[in-house]
Amino acid sequence: MSAVPSDEEFRTYNEGVISEFRAHQGKVSRPPFPILLLTTTGARTGRRTTVPLGFGVDERGRVFVVGSKAGAPRHPAWFHNLRADPAVTVELGDRTYRARGVVTTGEERDRLYRLVSDGTSAYERNTDRTFPLVVLEGVPAPD
């Protein structure tokens, strides 16, 4: 089983990715796939927090994200925040959008998840939990 990074390791890594994303209009050298920045409002603190996330786009052009947290045993904080307040800000490329996070379930969640994973990633091997999947309403698919 792979080790899941600590919260501090996540924070340090994310800060570097966010800085590079903003300095280069949404382009980053790591991770090696397209990302967006998701800003949520803390459910308990009310503080705005931004995280970099890989994303998928379905056949209808809907942008979505998955709450893998590298296979950690619990869902990521951004997901808990989004459930408490689905109004989010999304930075994608050089554009910023106000959006609404809609948690998908059942067959729709599974169908979208198969667009980004075949179910055999190291993250999935790290945990037994089902990763939540969130459609970001109001965010157009990138060109």
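One can find the structure itself at the top, above this paragraph.
This report concerns the structure included in the present document. All values reported here derive from a predicted model rather than from experimental measurement. (Residues numbered from 1 in each chain as written. Predicted model: local features only at pLDDT ≥ 70, side-chain atom pairs only at ≥ 80, totals over all residues. Heavy atoms only, no water.)

Brief notes about the overall build of the chain
No. 1: In terms of helices and strands, the chain carries four helices and seven strands.
No. 2: For 143 residues, the compact-globule estimate of 2.2 N^0.38 gives 15 Å, and the C-alpha radius of gyration of the chain, at 14 Å, lies within 12% of that figure.
No. 3: Structurally, the chain occupies a C-alpha span of about 35 × 35 × 35 Å along its principal axes.
No. 4: By the burial criterion, 43% of the 143 residues in the chain qualify as buried.
No. 5: Counting contacts in the chain only where the partners sit at least 6 residues apart, residues at least 24 apart contribute 62% of the total.
No. 6: Separation between the mean location of the 20 positive side-chain charges and that of the 18 negative ones in the chain comes to 5 Å. (Helix = DSSP H or I, 4+ residues; strand = E, 2+ residues; numbered from the N terminus. Rg over C-alpha atoms; globule rule 2.2 N^0.38 Å. Buried < 20%, exposed > 50% of the residue type's maximum accessible area, 1.4 Å probe, protein only. Contact = heavy atoms within 4.5 Å. Lys, Arg positive; Asp, Glu negative; His and termini not counted. Charge placed at Lys NZ, Arg CZ, Asp CG, Glu CD.)

Quick notes on the side chain of Arg-129
No. 1: With respect to the helices and strands, Arg-129 occurs in the loop between helix 4 (122-125) and strand 7 (133-137).
No. 2: The side chain of Arg-129 is buried and forms no salt bridge, while Asp-128, the nearest opposite charge, is found at 10 Å.
No. 3: There is a polar contact of 2.7 Å between the side chain of Arg-129 and the backbone oxygen of Ala-72.
No. 4: Each residue touching Arg-129, except ones within four places of it in the same chain, is listed here: Gly-67, Ser-68, Lys-69, Gly-71, Ala-72, Pro-73, Arg-74, His-75 and Pro-76. (Salt bridge = Lys/Arg side-chain N within 4 Å of Asp/Glu carboxyl O. Polar contact = N/O pair within 3.5 Å; in protein donor to acceptor, adjacent residues only side chain to side chain.)

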